[in-house]
Amino acid sequence: MTKNARYILEIINHSTVHLTAEQIYLRLREKNAKAVLATVYNNLSSLYEQGLIRKVCVVGCPDRYDKTVRHDHLVCKKCGRLSDIALDDLTEKLQKQIGVPMISYDLKINYICEECLEKENGGDKQ
């Protein structure tokens, strides 16, 4: 693994938010001023293919990257906010239902976050 790949993996694994490639690039530049955005994209692709990171795709938003620790996500349909949620692991149940070998699953629950609900309701909490 290259030095930049190690740095990128470290950035993702120590982040408390779901970072975009551009955000990872800005953090990588703090450690390696010579890094370029293409290096970040190439390493993200490689780390994802190796199963060392997760890629979280939300329609209308840039891809975001996450650690591989088992968890699911809440996605706000209005602003795209992405939050972690710890739910029971459904691997065995899903495996029985689909009947073919399963690699993994990524559960994204769509909702409307509190801030967007407040905006919809003119700032009044319900």
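If you're wondering where the values come from, they're calculated on a predicted model, not measured in any experiment.

Participant: Explain the overall build of the chain residue by residue, including any values.
Facilitator: When its secondary structure is counted, the chain shows 5 helices and 6 strands. Overall size of the chain, expressed as C-alpha extent along the three principal axes, is 50 × 45 × 20 Å. Sorting the 126 residues of the chain into buried and exposed places 29% on the buried side. On the chain, roughly 8,500 Å² of surface is accessible, and the fraction owed to carbon and sulfur atoms is 52%. Averaging the positions of the 19 positive and the 17 negative side-chain charges in the chain gives two centres separated by 6 Å.

Participant: Explain the pattern of salt bridges residue by residue, including any values.
Facilitator: Inspection of the entire model under this criterion finds 6 salt bridges. Taking the shortest distance from any N to any O, the salt bridge between Glu10 and Lys31 comes out at 2.6 Å. Of this pair, Glu10 sits in helix α1 (residues 3–13) while Lys31 sits in helix α2 (residues 21–31), placing them 21 residues apart in sequence. For the salt bridge of Glu120 with Lys78, the shortest nitrogen-to-oxygen distance reads 2.9 Å. Remark: Lys78 occurs in the loop between β4 (72–76) and β5 (82–85) and Glu120 occurs in helix α5 (residues 114–120); sequence separation between them is 42 residues. A relative accessible area of 45% places Glu120 in the partly exposed class. When its relative accessible area of 51% is taken as the criterion, Lys78 is described as exposed. Here the salt bridges do not stand alone but share partners, grouping Arg70, Asp72 and Asp89 into one network.

Participant: Got a sec to walk through the sheet that holds strand β6 (residues 108–111)? Specific residues and values, please.
Facilitator: Spatially, 3 strands are ordered β5-β4-β6 in an open sheet, and the strand pairing comes out mixed. The open sheet has two edge strands with one neighbour each: β5 and β6. Strand-to-strand twist across the sheet, computed as the mean angle between neighbouring axes with direction ignored, equals 30°. Judged from the 4 bridges that link them, β4 and β6 form a sheet pairing that is parallel. When the sheet's bridge partners are listed, Val75 is paired in β6 with Asn110.

Definitions and cut-offs
- Residues numbered from 1 in each chain as written.
- Predicted model: local features only at pLDDT ≥ 70, side-chain atom pairs only at ≥ 80, totals over all residues.
- Heavy atoms only, no water.
- Helix = DSSP H or I, 4+ residues; strand = E, 2+ residues; numbered from the N terminus.
- Buried < 20%, exposed > 50% of the residue type's maximum accessible area, 1.4 Å probe, protein only.
- Areas by Shrake-Rupley, 256 points an atom, 1.4 Å probe, with all protein chains shown as cover.
- Lys, Arg positive; Asp, Glu negative; His and termini not counted.
- Charge placed at Lys NZ, Arg CZ, Asp CG, Glu CD.
- Salt bridge = Lys/Arg side-chain N within 4 Å of Asp/Glu carboxyl O.
- Pairing = 2+ DSSP bridges.
- Axes fitted to C-alpha atoms, helices over the stretch in contact; angles between N-to-C directions.

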